[in-house]
Amino acid sequence: MLFSFKLYAQTPTKITGVIKDAIGVTLPGVTVKVKGAQNTTQSDLNGAFTISVQDKSATLVFTYVGFATNEVKVGDKSTLNIVLQESVNDLNEVVVTGYGQTAQRKNLTGSQSSVTEKDIEERQPVTLFDALQGQASGVSVVNDNGDPFGQGTIQIRGASSVNATGVGPLYVIDGIISEDANFVSPQDIASIEILKDVASASIYGARGANGVILITTKRGKEGKPTLGLQYTYTLGELSHKIRTTSADDLRYYRRVRGGDTGFGGNVDSVNPYLNADNDFQDLLFRTSKKQIVNLSLSGGQKGMTYYAGLNYLDNQALIINSYAKRIQSKINVTFELSPKLTISNNLGFAYQTGNVINIGNSAKQVFERNPWTSLYAPDGSLSTYSESKRNPVAYALLDKNVDNDYLTQFNTQLKYKIYKDLTFTTQLNAQVSNDNNREVTPGYLNSSSTNISIGTGSTERKVYWETQGFFNYNKTINEDHVISGVLGLTADRRRKDTYEFRATDLLSDEIFTSNIGTLDPLKTGTSATANSNASIFSRLSYSYKGKYIVQGSVRRDGSSRFGENNKYGNFFSGSALWRFSEEKFMNFANGVLDDGKLRFSIGSAGNDAIGDYLSYTVMNFGGNYYNGYLGAAENSTLGNSLIKWETSTSSNFGLDLTFLKGRLSFTAEYYDKTTKNLLYSAELSKETGKSQVAINLGTIQNKGLEFTVLGSPVANKDFGWNINANITFPQGKIKKLADGTSFITGSKWLVQEGGKIGDFYLLINKGVYQYDVSNAYTPDNQKLMPVDVVVSDDKKTVVSVGGYTLNGQPYTGTITKKYYNGVLLQGGDTEWQDTDNNGSIDDEDKVIAGNGLPKYYFGFGNTFRYKKISIDFLFNAQFGNDIYNTVANSQNSLGSTYTPPIWDAATTSWSRQGDITKFPNAVMKDTRGSIRAGYNSMYLEDGSFIRLASARFTYALDSKVIKKVGIKGANVYVYGQNLVTWTNYSWYDPEFSTSNQLQPGNDTGRYPKVREFGLGLNITL
């Protein structure tokens, strides 16, 4: 009897059920696990599941990405209907931390932010930059959304480097290091983890100093195939139109410029070429059209799963003849050959083509070409140069600048479970890209009279491979002690080969190869470069009851970019977590505080992102002529064998609080990151015969505060509200320079010890002298006001002045005046701040007038759901940064009447004694130092803005209805991007990327941003 009773007790019970979300949509792929046992299954495409349990006391655990974990006790039921609630803050969610290691979100000791698949879907992103903007504190994303080839920039906790190539984060895609993520479609991404503090990123050593972005692409799940289809159609318009100088404005300006003589170019009624009044914005810009089609197929069976994604983009952009077409594909296949051995294969492919528009020859010409000149000549052909200015429409239509770029990436991973606590993983990745550009500028467009067509071409091939091998150890002892660790090594190599050529006298403008014209030998040739890295790394973590967690890592990196004595760098990190909410003294907060913890981390990481071979002085071949022959000579860059690793050391303090049963969280963090031995290319004096040398420049510090509110304050069957709000207050300064010597970069930024990166060093423009006698000051540099000024009838000269006042009171003391190059400044001249009060306006009067970096920036996103309707919107903003409007400054240079100034300068420039204006006397051009192009504070503008970055309205079709036609799920939506921007900046847009981290906030003329509206459809079959 006893024996038979035991057999009966161990007979499994089959439990079935259906899993749905809060609005009744079935959820496929939900993981169903028997708590404390090995039994696991997943729901099928209809949300149905079947699993066996040993007895009715069993508890089933239901987990699904983006939803709160649900535990249900079986009891006497054999059928369960499960409803999962959405959650953007699931503390038990497992996140990737690198090299095969994962952790529950609540147990992270470092600073790490996540962007989920659901977050991405709500944004309708075209690029990774779209997907990340405004989503995480401490992550500044600049999006170049107008340019079809534009991407943007991402900075994590400020610039940790000052060279152009080393400031961006490290991308790790499915465990493989990559220079960027441009070849990955956002629709193929399952999750993004952003490692912000150095302790989290230091496991990646080299290039991890600027933060790490871990991207996990989608995988298949066991079950019937799932076919997904997404289609969007978008229309766009110029988001901010600028007033241009009209024909009447320009005639008035030319008349004033001529001293009120002549007519300034009257309308010629019989010459259609000179009687127009064009706003070239209306002629060059069009309604952009964008189509995106995404297909995905996923599924699997026991022992094998698969996912395939294909994305197609056709972007007919804002500027006429500007377009990009792109195909991106991703295939992931996983084979479970045995309970111990798993093999995964990932294949990615991307192709992009399109016409690249030269902004300087098209969009900037909108303001530089005279408005009365026609687009067409009298014979109906497109006009070319007029008054030394290009026809922007002709250049956009006829100049061919076509890219054809390919990229293929393949990765194979083998994972073997040596025993239950120890796993070995090895993988090999190979990536090949081939970028081709061909440009033909017809002779018709060239300024010279020779009418010779010019062609240039380039082919750049990059080959990159990487191999990894690492052991993962995870051990739980008596349920209270958890030990985990990783030990491994990695090696990689990248090589770039480039072929460039330039040809003239082309036989045809339509067919362009290197043998169709006369080659220019000085601009034709090949080059190659390569570098390698090798590393060994380890990380060890210990947790006691999840209440106390400590973690440490060490990594040794080697780079071929440094000299023999500096090739290797050692980097360390340590972190700790204390879950104080589980201490007895916190019992008073039970019911209010669900989870509370303090985190601390400290660590270091390296950066080797400089050019290859800069530790050597290399030879160039064929770059110059000698006695009629091509020769060889040393490169103009001097080699420096003493350069060494740039190293960032960071500490991070974090406080995490969770409320409302895990639905709402608050995080506050303070970070302090110091980067030493900054890698930088310094200029050399011409007497050396060299132009520059790579050096370790000095030390910069970035510190700041971050605050994040994340969660689902309201979540029930009919209504839900999700929120993601974050704000960052960064502070950065230059602590040390190599020789302590300050220097100016780009003519307007001061780099000095104790200063900030991005400090504008300018002359302060205080306006324009109203009269000749307005140039009057006290000896201590206080401005005097002339009274009872009498001017001549023609208002050209001052006849007399009755005296001066100081602060409204008569002044009879000594009067001093200001000079430029020994010339007394008069009415119509710019009044500059005489900082040193020596009476002479020169470079010694420059001061720090502003800064190109924001004082704080934030993102604020919300999702509201009511039954089958959802509304999503996201704001992003930045405040406290300045922008130098180089475009406007250049337009107002007054160097030539061929270049019209901006409209208000054309119509309000000083011309008579007594004029009150901010623009100087145009008649004098720049002969009296009134323009100061490049360092005039009048062109320094407030770059603050708030933007409604995106909004989407979605309706989910009734599942009962669409199932009748074989559709498992479908929704339709309307959305918009870059909808509204509130800013005081006068030019196209205050947000743009920069390639030089020492020179932020310089608007030299960019591809204008687009306001977009679109329709979309998602279908699951």
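Residues numbered from 1 in each chain as written. Predicted model: local features only at pLDDT ≥ 70, side-chain atom pairs only at ≥ 80, totals over all residues. Heavy atoms only, no water.

1. A few points about the nonpolar core
Of all hydrophobic cores here, the largest spans 43 residues; its most connected members are Leu284, Phe285, Ile319, Trp987 and Tyr988. With near-sequence residues (within four places) excluded, Leu284 lies in contact with Leu318, Ile319, Ile320, Ser362, Ala363, Val366, Pro392, Val393 and Ala396. Grouped together as the second largest cluster of nonpolar side chains are 23 residues, Val139, Val184, Ala350 and Leu407 included. (Core = buried A, V, L, I, M, F, W, Y, C linked by side-chain atoms within 4.5 Å. Buried < 20%, exposed > 50% of the residue type's maximum accessible area, 1.4 Å probe, protein only. Contact = heavy atoms within 4.5 Å.)

2. Details of the pattern of salt bridges
Applying the stated criterion across every chain, the model contains 40 salt bridges. Note that Asp279 and Lys241 form a salt bridge whose closest N and O atoms lie 3.6 Å from each other. In this pair, Asp279 sits in the loop between helix H5 (247-257) and helix H6 (280-284) while Lys241 sits in the loop between strand E17 (223-238) and H5, placing the two residues 38 residues apart along the sequence. Notably, a salt bridge pairs Arg561 with Asp608, separated by 3.9 Å at the nearest N-O pair. Of this pair, Arg561 sits in the loop between strand E28 (548-559) and strand E29 (568-578) while Asp608 sits in the loop between strand E30 (593-607) and strand E31 (619-626), and the two are 47 residues apart along the sequence. Residues participating in the shared-partner salt-bridge network are Arg157, Lys196, Arg579, Asp595, Lys597, Arg599, Asp656, Glu669 and Glu706. (Salt bridge = Lys/Arg side-chain N within 4 Å of Asp/Glu carboxyl O. Helix = DSSP H or I, 4+ residues; strand = E, 2+ residues; numbered from the N terminus.)

3. As for the sheet that holds strand E37 (residues 692-696)
What links the strands of a sheet is backbone hydrogen bonding, and the strands pair in either a parallel or an antiparallel sense. Taken in spatial order, the 3 strands make up an open sheet running E33-E37-E36, and their pairing is mixed. Of all strands in the sheet, those bounded by a partner on one side alone are strand E33 (637-638) and strand E36 (679-683). In terms of strand pairing, E33 meets E37 through 2 bridges, oriented parallel. For Thr637, the partnering residue across the bridge sits in E37 and is Gln692. (Pairing = 2+ DSSP bridges.)

4. A closer look at the domain arrangement of the protein
Interfaces are often sized by the amount of accessible area the parts lose when they come together. Structurally, the protein comprises domain 1 (13-83), domain 2 (94-221) and domain 3 (764-844 + 896-932). When each unit is reduced to the centre of its C-alpha atoms, the spacing between domain 1 and domain 3 is 81 Å. (Domains from an automatic or database assignment.)

5. Overview of the pairing of strand E25 (residues 481-504)
As paired strands, strand E24 (residues 454-477) and E25 are joined by 24 bridges and run antiparallel to one another. By the bridge assignment for E25, Phe471 is matched with Leu487. The loop that links E24 with its antiparallel partner E25 comprises 3 residues; one of these, Asn478, has a positive phi angle of about 55 degrees. Of the pairings in the sheet, the one linking E25 to strand E27 (residues 525-544) comprises 20 bridges and is antiparallel in character. Paired with His481 across the two strands is Tyr544, which belongs to E27. The pairing of E25 with strand E26 (residues 518-519) spans 2 bridges and is classified as antiparallel. Among the inter-strand pairings, Ala503 is bridged to a residue of E26, identified as Leu519.

6. Focus: the side chain of Asn472
Structurally, Asn472 is set in strand E24. A polar contact of 3.4 Å, which involves the side chain of Asn472, links it to the backbone oxygen of Tyr99. (Polar contact = N/O pair within 3.5 Å; in protein donor to acceptor, adjacent residues only side chain to side chain.)

7. Quick word on the environment of Asp794
Within the secondary structure, Asp794 sits in the loop between strand E45 (790-791) and strand E46 (798-800). Judged by relative accessible area, Asp794 falls into the partly exposed class, the value being 46%. In sequence terms Asp794 and Pro713 are 81 residues apart; their C-alpha atoms lie 72 Å from each other. Side-chain polar atoms of Asp794 contact the backbone nitrogen of Lys796, separated by 3.0 Å.

8. Section: unusual backbone geometry
Among all residues save glycine, negative phi is the norm, and among peptide bonds the norm is trans. Here Asn807, not a glycine, exhibits a phi torsion of approximately 55 degrees, which is positive. On the secondary structure map, Asn807 appears in the loop between strand E47 (803-806) and strand E48 (809-811). Since its relative accessible area comes to 69%, Asn807 is described here as exposed. One non-glycine residue with positive phi stands out, namely Lys867, at about 55 degrees. Structurally, the position occupied by Lys867 is in the loop between strand E53 (856-866) and strand E54 (869-879). Its relative accessible area of 41% is what places Lys867 among the partly exposed residues.

9. What about the sheet that holds strand E56 (residues 940-942)?
Read from one edge of the open sheet, 3 strands run E56-E55-E59, paired in mixed fashion. The open sheet has two free edges, formed respectively by E56 and strand E59 (1002-1003), since each of these has just one partner strand. For strand E55 (residues 882-885) and E59, the ladder comprises 2 bridges, and the chain directions are parallel. Within the sheet, the bridge partner assigned to Tyr884 lies in E59 and is Asn1002.

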